[in-house]
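# Results of the structural survey
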Amino acid sequence: MGSSPPTSDPFSKKSAKKTKGKRTSTSSFNVLLNQDVQPLPSLTDTPAAERNELFLKKLQQCCIVYDFTSPDTDNKGIEQKRSTLNELIDYIATNNGVIFEGVYPETIRMLQCNIVRCFPPASEEAKEDFDNDEEEPYYDPSWPHLQLVYEYFLRFMESADFQPSLCKKYCDQKFVIQIMELFNSDDPRERDLLKTMLHRVYGKFLGLRSFIRKNINYMFLRYIFENEQCNGIAEFLEILGSIINGFAVPLKQEHRQFLLKVLIPLHKPRGIATYHAQLAYCIVQFVEKDPSLTEAAILGLLRLWPKTNSAKEVMLLGEVEEILDIIEPTQFKRIIVPLFKRLARAVASPQFQVAERALYFWNNEYIMSLIEEHNRIILPIMFPSLYLISKDHWNQTIVALVYNVLKTFMEMNNQLFDELTLSFKAERQKEKRREVQREEAWKKVQKQAVNLSNNAATCEPTAANNS
């Protein structure tokens with residue numbers, strides 16, 4: 001009996017895993033199919049006395065959600081809804097006095113019907129590949145309607161007629177939570193509009209500000225400690241960047257704790273590459289607001305420094321340089337020793353990108369002025385690594401950069417440089433002598449072991465003959 005042919009191609013495992021890891025559907029709506037939608041007259045062609053009622057009818061009509069992935073979807077209804085949404089956007093953007101009290105609940109209801117939905121959980125493979133830059137972003141097929149719904153709500157909130165006091169009854173904490181959960185959308189276009197919308201809500205509703213900050217904290221902590229996938233970390237950080245910029249000085253203890261307990265630990269997850277630029281901006285904003293936080297921020301980064309991830313190390317070196325760009329001289333004194341011990345190890349890294357990024361610190365004029373002021377502390381820390389690299393590093397670009405740094409140090413303090421050179425050479429000679437002594441000691445041990453083995457071998461025949 002012949003063997004059956006294989007059911008799967010062994011060479012397609014990689015691609016199969018990739019497909020398995022992705023969401024098969026970005027979301028699930030409460031889709032209302034086969035609705036008999038009657039065309040409504042244009043708002044501009046309707047008498048002014050009847051426009052308010054027609055406005056509400058159009059909002060209610062836009063609550064119908066269509067499944068863009070189904071072949072049975074009513075294409076005529078899709079086009080009519082698109083046209084209605086465009087009309088509503090234009091109506092509130094170009095007319096004054098058109099937003100009345102009855103519009104607020106219908107607007108929030110229409111928004112919830114269209115954008116609030118459940119996302120399927122990501123598989124373990126998707127979580128593992130979360131920071132994979134090769135994977136293309138997912139684009140929601142229902143975006144033609146979603147985009148218009150978001151744009152309508154943004155225009156609605158930006159209108160001169162908008163009254164937060166009337167809207168706050170419907171734009172409550174439950175609504176905010178629903179919006180924040182949507183940041184897990186796979187579509188980057190949707191996350192970008194959600195970011196703008198949540199920022200507008202934060203600006204318009206003072207009573208929700210503390211609640212929004214606490215829930216962003218919760219999202220971050222869940223991402224850090226529960227290892228859940230969240231696509232919207234970068235967008236949340238962008239919102240926080242502008243929020244931090246508006247913090248009053250001196251900072252509240254709540255805000256200081258947020259930096260130390262939330263933002264610093266955000267450097268820990270593997271997916272940091274997707275949001276590091278926004279995270280670094282937030283850290284720098286805090287240090288600018290309160291320079292006394294500089295030491296805690298730098299030491300926090302040094303505690304979370306990667307040991308084997310060179311790409312992450314390059315990112316953190318860039319972030320440290322951004323902080324040093326704005327550091328006050330009094331704060332710089334406090335972090336010299338731990339910081340430059342880490343820089344010395346980075347400069348000595350066999351990974352040339354890490355070494356190169358660390359050596360670029362000496363191209364920064366402000367950092368150079370701080371180094372020159374404290375060269376008697378920094379030069380002894382950096383000298384051993386720089387001297388060894390100048391002799392035997394495999395990358396000639398790194399060697400050239402190191403020579404420039406050594407030359408700079410020599411010009412700063414020639415006497416100390418000469419003392420360190422002599423001291424280091426003497427220490428190297430001592431080390432070589434210790435190495436020779438160590439080798440000679442091992443040779444003696446090996447020789448003794450051979451003699452003992454030979455003596456034992458000669459004793460065995462003698463014992464056998466005597467018996």
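Residues numbered from 1 in each chain as written. Predicted model: local features only at pLDDT ≥ 70, side-chain atom pairs only at ≥ 80, totals over all residues. Heavy atoms only, no water.

## So, the overall build of the protein chain
Our working definition: Going along the chain from the N terminus, every DSSP run of H or I of four or more residues is numbered as a helix, and every run of E of two or more is numbered as a strand. A simple rule labels every residue: compare its accessible area, found with a 1.4 Å probe on the protein chains alone, to the largest value its type can have, and call it buried under 20%, exposed over 50%, or partly exposed in between. We call two residues contacting when some pair of their heavy atoms lies within 4.5 Å. Note on areas: Shrake-Rupley with a 1.4 Å probe; residue coverage comes only from the protein chains shown.
Counting its secondary structure elements, the protein chain contains 21 helices and zero strands. Taking all 467 residues of the protein chain together, 45% fall into the buried category. Considering only residue pairs separated by 6 or more positions, the protein chain has 78% of its internal contacts joining residues 24 or more positions apart. Accessible surface, the protein chain as shown: approximately 25600 Å² in total, 51% of it carbon and sulfur.

## Comments concerning the packing of aromatic side chains
Note the following rule: Between the rings of Phe, Tyr and Trp (Trp by its six-membered ring), a pair exists once the centres lie within 6.5 Å; its type follows the angle of the planes, with under 30 degrees stacked, over 60 edge-to-face, and the other angles tilted.
By the definition in use, this model includes 21 aromatic pairs. Ring centres 5.4 Å apart and planes at 80 degrees place the aromatic pair Phe 55 and Tyr 91 in the edge-to-face group. Taken together, the residues Phe 55 in helix H2 (residues 48–61) and Tyr 91 in helix H3 (residues 75–94) connect sequence positions 36 residues apart. For the pair Phe 55 and Tyr 91, a shared accessibility class is recorded, and that class is buried. Three or more aromatic residues link up through ring pairs in this structure, and these residues are Tyr 104, Tyr 152, Phe 153, Phe 156, Phe 162, Phe 175 and Phe 205.

## Section: the environment of Leu 420
Within the secondary structure, Leu 420 sits in helix H21 (residues 414–466). Taking relative accessible area as the criterion, Leu 420 reaches 17% and is therefore assigned buried. Contact partners of Leu 420, with chain neighbours within four places excluded, come to Leu 379, Pro 380 and Phe 383.

## Topic: the side chain of Glu 356
For clarity, the cut-off: The charge count treats Lys and Arg as positive and Asp and Glu as negative. His and the chain ends do not count. A pairing counts as a salt bridge when a side-chain nitrogen of Lys or Arg comes within 4 Å of a carboxyl oxygen of Asp or Glu.
Among the secondary structure elements, Glu 356 is positioned in helix H17 (residues 352–359). Although buried, Glu 356 forms no salt bridge, and the nearest oppositely charged side chain, Arg 357, lies 8.4 Å from it. Not counting residues within four places of it along the chain, the set of residues in contact with Glu 356 comprises Thr 397, Ile 398 and Leu 401.

## Describing the confidence of the model for the protein chain
The following threshold applies: pLDDT gives the predictor's per-residue confidence on a scale running from 0 to 100.
Summary statistics for the protein chain give a mean pLDDT of 87 and a share of 87% for residues scoring 70 or more. Considering each helix and strand of the protein chain separately, the mean pLDDT is smallest for helix H1 (residues 13–21), with a value of 39, and largest for helix H15 (residues 310–326), with 97. The model gives residues 1–22 a pLDDT under 50, and that stretch makes twelve contacts with residues more than four places away or in other chains.

## Remarks on the pattern of salt bridges
Summed over all chains, the structure comprises 18 salt bridges. Across the pair Arg 191 and Glu 235 runs a salt bridge whose closest N-O atoms are separated by 3.5 Å. Taken together, the residues Arg 191 in helix H9 (residues 188–204) and Glu 235 in helix H11 (residues 233–245) connect sequence positions 44 residues apart. Of the two residues examined, Arg 191 and Glu 235, each falls in the buried class. Among the salt bridges present, the one from Glu 431 reaches Arg 434, with a minimum N-O distance of 2.9 Å. In this pair, Glu 431 and Arg 434 both sit in helix H21, three residues apart, roughly one turn of the helix. Accessibility expressed as a relative area gives 33% for Arg 434, which makes it partly exposed. The network of salt bridges with common partners includes Arg 117, Asp 140 and Glu 190.

## Digging into the nonpolar core
As a reminder, the rule being used: Buried residues of nine kinds, namely Ala, Val, Leu, Ile, Met, Phe, Trp, Tyr and Cys, make up a nonpolar core once their side-chain atoms join them within 4.5 Å.
Residues Tyr 152, Phe 156, Phe 220, Leu 263, Phe 340, Met 382 and Phe 409 are the most contacted members of the largest nonpolar core, which totals 130 residues. With ten residues, the top contributor of residues to this core is helix H6 (residues 143–158). In this structure, Phe 220 is in contact with Ile 233, Phe 236, Leu 237, Leu 240, Phe 258, Val 262 and Leu 266, ignoring residues within four places of it in sequence.

## Focus on the packing of H15 against H17
Convention followed: Lines fitted to C-alpha atoms define the axes here, with helix axes fitted over just the stretch in contact, and angles between the N-to-C directions of these axes take values from 0 to 180 degrees. Orientation is classified from the angle alone, with under 35 degrees giving roughly parallel, over 145 giving roughly antiparallel, 65 to 115 giving roughly perpendicular, and any other angle giving oblique. Each residue gets one label: Ala, Val, Leu, Ile, Met, Phe, Trp, Tyr, Cys and Pro are nonpolar, Asp, Glu, Lys and Arg are charged, and the others, such as Gly, are polar.
Where H15 contacts H17, the two axes come as close as 9 Å, and the packing angle between them is 5 degrees. If you check the angle between H15 and H17, you find them roughly parallel. For the pair formed by H15 and H17, the contact residues are Ser 310, Glu 313, Val 314, Leu 317, Gly 318 and Glu 321 on the first element and Gln 353, Val 354, Arg 357 and Ala 358 on the second. Of the residues contributing to the contact of H15 with H17, the split by class is four nonpolar, three polar and three charged.

## Structural notes on the packing of H6 against H9
Heads up, the rule is: Handedness of a crossing follows from how the near helix is turned relative to the far one, being left-handed for an anticlockwise turn of less than a right angle and right-handed for a clockwise one.
It is the contact of H6 with H9, at a shortest axis distance of 10 Å, that shows an interaxial angle of 20 degrees. In terms of orientation, H6 and H9 fall into the roughly parallel class. Classified by chirality, the crossing of H9 by H6 is left-handed. On the side of H6, the interface is formed by Trp 143, Leu 146, Gln 147, Tyr 150, Phe 153, Leu 154, Met 157 and Glu 158, while H9 contributes Arg 189, Glu 190, Leu 193, Leu 194, Thr 196, Met 197, Arg 200, Val 201 and Lys 204.

## Comments concerning unusual backbone geometry
Cis geometry marks the peptide bond from Val 249 to Pro 250; its omega dihedral reads 5 degrees. Within the secondary structure, Pro 250 is located in the loop between H11 and helix H12 (253–263).

## Some details on H3
The criterion, for reference: Any helix carries an expected span of 1.5 Å times its number of residues minus one.
Counted at 1.5 Å a residue, the expected span for H3 with its 20 residues is 28 Å, and the 29 Å between its end C-alpha atoms agrees. Contacts from the buried residues of H3 go to H2, helix H4 (103–115) and H6.

## A look at the environment of Gln 178
Considering the arrangement of structural elements, one finds Gln 178 in helix H8 (residues 173–181). Residues Gln 178 and Cys 118, 60 residues apart in the sequence, show an inter-C-alpha distance of 10.0 Å. Each residue touching Gln 178, except ones within four places of it in the same chain, is listed here: Gln 112 and Val 116.

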